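Read off the chains here:
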Amino acid sequence: RVWRAASVLSSWIEMAQDLVQLQNLCKRDSVSYKDEFLLQYRHFQSLLHIFQLKPANDSALFRSLVTFLSHVAACYAKEMVDFPQQLMTLLEENYSVLDPELRLTLAKGLILMRNKNFIQPTVLLCLFFKLFRCKDKELRKLLYLHIVNDIKMINQKHKNNKLNRQLQTFMYTMLNDDSEVAAKQSLDVMIELYRKHVWNDSKTVNVISTACFSKCVKLKTAAFRFFLTSTDDAEEEEEVVPTVAEVTAIYSTRAAQTRKRKRKLEKALKKCKKDQLKEKETTPNFPAMELINDPQGFTKKLLGTLRHSSERFEVKLMCANLVSRMISCHKLLVLNFYPFMQKYIQPHHQHLTIILAIVAQSSHDLVPPDALMPIINTLANTFVSEHYAEEIIAIGLNTIREICARQPLAMDAETLHSLLRLKKSHHKGITAACRSIIGLYREANPHLLPKADRGKFADMSMVPREYGEEILATGVEGAELLESSDEEEPEEQDEDEEEDEEEGDEHQVDELEPLVSEEEKKFTGLVIIEDVEEEDGTDEFAEEEEDDSNVDERADYKQSSTKLGRKRYLPDSATVIPSASQPTKRQKIDTQRILTDEDFAKIRRKQGEQVKVSFVNGINQTNRSTN
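Residues numbered from 1 in each chain as written. Predicted model: local features only at pLDDT ≥ 70, side-chain atom pairs only at ≥ 80, totals over all residues. Heavy atoms only, no water.

Visitor: Requested: an account of the overall build of the protein, with residues and values cited.
Guide: Tallying secondary structure elements over the protein gives 28 helices and three strands in all. Residues classed as buried in the protein amount to 37% of the 627 residues present. For the protein, the share of sequence-separated contacts (at least 6 apart) that also reach a separation of at least 24 residues comes to 71%. Counting only carbon and sulfur atoms, one obtains 51% of the accessible surface of the protein, whose full area is about 39600 Å². (Helix = DSSP H or I, 4+ residues; strand = E, 2+ residues; numbered from the N terminus. Buried < 20%, exposed > 50% of the residue type's maximum accessible area, 1.4 Å probe, protein only. Contact = heavy atoms within 4.5 Å. Areas by Shrake-Rupley, 256 points an atom, 1.4 Å probe, with all protein chains shown as cover.)

Structure (structure tokens):
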């Protein structure tokens, strides 16, 4: 028996070696070795019928035939039309009872034919998602990598929206699958495709958001981490694209410049320019939270699951953090969230800092002050107390400062005065926290501060904004500074051009002067005004006495008067009254020109100079007052 088994094994090895040689020959000359190929294909068909009767058995010969036919399938496309479907049917019907090695071989054969574009991606990818149910870690890893890379390659040149919609719909059903492993792997595929900027649309995000309400804890935590992880941390470390100068410096060594080195240099330069073009063609990447269709309904539903959840406290914290992040991102009004978090604000809690960060994050300027006042009172009464350590008091003051920075109306004068009594404490953290609160309310509402803490430069005429009040921008901030920067720039012009312009102006005025006769000037009381400069849309004119009978006539002529070169004919004692709807300098600049990156750089530079000047003036003023 041992001799017989050894002989069978040696025959299998010889046949496998023969198949590898035949595979090489078929790829080189498919026509000459077609008969040998057909012989092996018929052998495979006979073994397949036998194997379907007992799929649990393993056969090394069957595995070697599957590998051979998968490699040469592209060479004999007409004869191998049914071969991929036979393998997929065998896998789909018997994947749970197949031998692990045979199952892996069948999957590798299908992947090989898909890479040669011998199989359509839709059917194969749906089958691979179902194979995630197998309790085979090596197979699941192989399928995961293939699915991600295949979808990435399909959408590399342009988005295949039809295929993407079909797969996203199928994945939505896979997230509700009975197998937790298959649902988790499907969710990981979608998250990885989103992070690779392949599926970064709203449908993908909304399918992932359904996993937040799953009964499986692993699915919940994976979806929570997806939304809570920032896009900058989640992105892969992309390779730095070298510049053209760096590429040429690499190849311009002291070695002789042969033809081979020149070809390598040209190839590297071509690749460098192609990569630089790809960097320029970047698509906007929005955070995942901003792509949720119904943020208010999603947050309320998530808060409902949080209130009735029986999971461990770490999972509850992740859910509360997501609710807080959604409230802050979309400025939602979920008033039940603040009383729910208030009961966890205790100095002895193990996750105290995380809880306080969640509470501070969920506050914004649209939250009613009445909803945040109980939390501030709890912090002031519980943390800011002599019974606790100084570090606890500093944490409470900093949390109050963060909440008030987002909603200054949540603080009343009595609570503020009681907190500022600790500003003379010997602990640096407490004094720094008190000073930060004082600095915050010097800008937001100095009326709440005691008179001694308002400072010398407090603007007491400032009226604090009411709840819901917003300041609307009428233009680009600092756009009026561009006028001064344009005037300061030297305008270099040739003297000949200036002389030609002056001569042209004089010639134009000489031609236009006869258009108004002397009689019309006397009748209408016109006065010739030369070299009048316009400032802020108004002109200054000489005032003369006029008869009441000529007032209407002069007003009519004033409307029809036009600018003639540098001389203007207007009625005497005429005044130009600017209209109420006259645009400001900022609005004029915004409407008359398109601001470029250079203009914004000038605005930032001018604003920095103004800050420096105001700082120096403030120091000089304080020095004069002290002297």
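From this point, the discussion proceeds with the structure in view.
Visitor: I'd like a rundown of helix α5 (residues 100-115), residues and numbers included.
Guide: Between its first and last C-alpha, α5 extends 22 Å over 16 residues, near the 22 Å set by a 1.5 Å rise per residue. Every buried residue belonging to α5 is among Leu-102, Arg-103, Leu-104, Thr-105, Leu-106, Ala-107, Gly-109, Leu-110, Ile-111, Met-113 and Arg-114, and all of these are buried. Against the buried residues of α5 lie α2 (34-53), α3 (60-72), α4 (83-94), α6 (121-130) and α7 (137-154). In this structure Asp-99 caps α5, since a side-chain oxygen of it lies 3.2 Å from the backbone nitrogen of Glu-101. Asn-117 lies just past α5 and shows a positive phi near 60°. (Expected span 1.5 Å × (residues − 1). Polar contact = N/O pair within 3.5 Å; in protein donor to acceptor, adjacent residues only side chain to side chain.)

Visitor: Just give me the short version of the environment of Cys-404, but keep the residues and values in it.
Guide: Mapped onto the fold, Cys-404 is located in helix α20 (residues 390-406). For the pair Cys-404 and Leu-440, spaced 36 residues apart in sequence, the C-alpha separation works out to 8.3 Å. The residues touching Cys-404, leaving out its near neighbours within four places in the chain, are Ile-376, Met-411, Leu-440 and Tyr-441.

Visitor: Describe in detail a positive patch on the surface, supporting the description with residues and values.
Guide: Positive charge collects at one region of the surface, where Arg-259, Lys-260, Lys-262, Arg-263 and Lys-264 lie side by side. Among the secondary structure elements, Arg-263 is positioned in helix α14 (residues 259-280). (Patch = residues over 30% accessible without salt bridge, like charges linked within 9 Å, V, L, I, M, F, W, Y side chains within 5 Å. Salt bridge = Lys/Arg side-chain N within 4 Å of Asp/Glu carboxyl O. Lys, Arg positive; Asp, Glu negative; His and termini not counted. Charge placed at Lys NZ, Arg CZ, Asp CG, Glu CD.)

Visitor: Please provide a residue-by-residue account of helix α8 (residues 161-174), values included.
Guide: Along its 14 residues, α8 runs 20 Å from first to last C-alpha, staying within 8% of the 20 Å computed at 1.5 Å per residue. What α8 keeps buried is the set Leu-163, Asn-164, Leu-167, Gln-168, Phe-170, Met-171 and Met-174. Angularly, the buried residues of α8 cover 165° about the axis, an arc narrow enough to put them on a single face. Buried residues along α8 sit against α6, α7, α9 (180-195) and α10 (202-209). (Arc of directions from axis to C-beta.)

Visitor: Report on the nonpolar core, specifying residues and quantitative values.
Guide: A general tendency of soluble globular proteins is for nonpolar side chains to be buried together. Judged by nonpolar contacts, the single largest core of 139 residues is most densely connected at Phe-44, Leu-110, Phe-227 and Leu-322. Per element, the largest residue contribution to this core is nine residues, and it comes from helix α16 (residues 313-330). The residues contacting Leu-110, other than those within four sequence positions of it, are Pro-84, Leu-87, Met-88, Leu-91, Ile-119, Leu-124, Leu-127 and Phe-128. (Core = buried A, V, L, I, M, F, W, Y, C linked by side-chain atoms within 4.5 Å.)

Visitor: I'd like a rundown of unusual backbone geometry, residues and numbers included.
Guide: A positive phi angle, close to 60°, is found at His-197, a residue other than glycine. Mapped onto the secondary structure, His-197 falls in the loop between α9 and α10. Accessibility expressed as a relative area gives 29% for His-197, which makes it partly exposed.

Visitor: An account of the pattern of salt bridges is needed here, citing residue identities and associated values.
Guide: Close approach of charged atoms allows side chains of opposite charge to pair. Inspection of every chain in the model, using the stated rule, returns eleven salt bridges. Across the salt bridge formed by Lys-34 and Glu-79, the nearest N and O atoms sit 2.9 Å from each other. In this pair, Lys-34 is assigned in helix α2 and Glu-79 in the loop between α3 and α4, connecting sequence segments 45 residues apart. Classification of Lys-34 as partly exposed rests on a relative accessible area of 33%. A relative accessible area of 27% places Glu-79 in the partly exposed class.

Visitor: Tell me about the packing of helix α15 (residues 295-307) against α16, residues and numbers included.
Guide: Think of two packed helices as two axes; the pair is described by the angle between the axes and how far apart they sit. At their nearest, the axes of α15 and α16 sit 10 Å apart, and the two run at 155° to each other. One element, α15, and the other, α16, form an angle in the roughly antiparallel class. The crossing of α15 and α16 is left-handed. Judged by residue contacts, Pro-295, Phe-298, Thr-299, Leu-302, Leu-303, Thr-305 and Leu-306 of α15 engage Lys-316, Cys-319, Ala-320, Leu-322, Val-323, Met-326, Ile-327 and His-330 from α16. Taken together, the residues of the contact of α15 with α16 break down into eleven nonpolar, three polar and one charged. (Axes fitted to C-alpha atoms, helices over the stretch in contact; angles between N-to-C directions. Parallel < 35°, antiparallel > 145°, perpendicular 65-115°, else oblique. Left-handed = near helix turned anticlockwise from the far one by under 90°. Nonpolar A, V, L, I, M, F, W, Y, C, P; charged D, E, K, R; others polar.)

Visitor: Lay out the side chain of Gln-185 with the relevant residues and their values.
Guide: Along the chain, Gln-185 falls in helix α9. If we skip the residues at most four places from it in the chain, Gln-185 touches Phe-132, Arg-140 and Tyr-144.

Visitor: Give a detailed account of the environment of Cys-212, specifying residues and quantitative values.
Guide: Along the polypeptide, Cys-212 turns up in the loop between α10 and α11 (217-228). For Cys-212, a relative accessible area of 1% gives the class buried. For the pair formed by Cys-212 and Thr-305, sequence separation is 93 residues and the distance between their alpha carbons is 9.5 Å. In this view, Cys-212 contacts Lys-220, Ala-223, Phe-224, Phe-227, Phe-298, Leu-302 and Leu-322; residues no more than four positions away in its chain are not counted.

Visitor: A description of the packing of aromatic side chains should follow, citing residues and the corresponding values.
Guide: By the definition in use, this model includes 15 aromatic pairs. Note on Phe-129 and Phe-170: the rings are 6.0 Å apart at their centroids and 55° apart in plane angle, and the pair reads as tilted. Taken together, the residues Phe-129 in helix α6 and Phe-170 in helix α8 connect sequence positions 41 residues apart. Between Phe-226 and Phe-227, the aromatic rings sit 5.0 Å apart at their centres with planes inclined by 70°, giving edge-to-face as the arrangement. On the accessibility criterion, Phe-226 (5% relative accessible area) is buried. It is Lys-301 that lies over the ring of Phe-213; its NZ or CZ is 4.5 Å from the centre. (Phe/Tyr/Trp six-rings, centres within 6.5 Å; stacked < 30°, edge-to-face > 60°. Lys NZ or Arg CZ within 6 Å of the ring centre and 35° of its normal.)

Visitor: Requested: an account of the packing of α6 against α7, with residues and values cited.
Guide: Direction vectors running N to C along α6 and α7 enclose 150°, while the axes themselves pass 10 Å from each other. Between α6 and α7, the crossing angle belongs to the class labelled roughly antiparallel. Here α6 and α7 pass one another in a crossing that is left-handed. Between α6 and α7, the residues in contact are Pro-121, Leu-124, Leu-125, Phe-128 and Phe-129 and Leu-143, His-146, Ile-147, Asp-150, Ile-151 and Ile-154, respectively. The class makeup of the residues in the contact of α6 with α7 is nine nonpolar, one polar and one charged.

Visitor: How would you explain a nonpolar patch on the surface if you had to name every residue and give the values?
Guide: On the surface, a nonpolar cluster with roughly 280 Å² of combined accessible area is contributed by Leu-333, Leu-335 and Tyr-467. According to the relative accessible area criterion, Leu-335 is partly exposed, its value standing at 42%.

Visitor: So, the side chain of Ser-209: which residues are in play, and what are the values?
Guide: Looking at where Ser-209 falls in the secondary structure, it is placed in helix α10. Residue class for Ser-209 comes out buried when judged on its relative accessible area of 6%. Once residues within four sequence positions are removed from consideration, Ser-209 is found in contact with Phe-227 and Phe-298.

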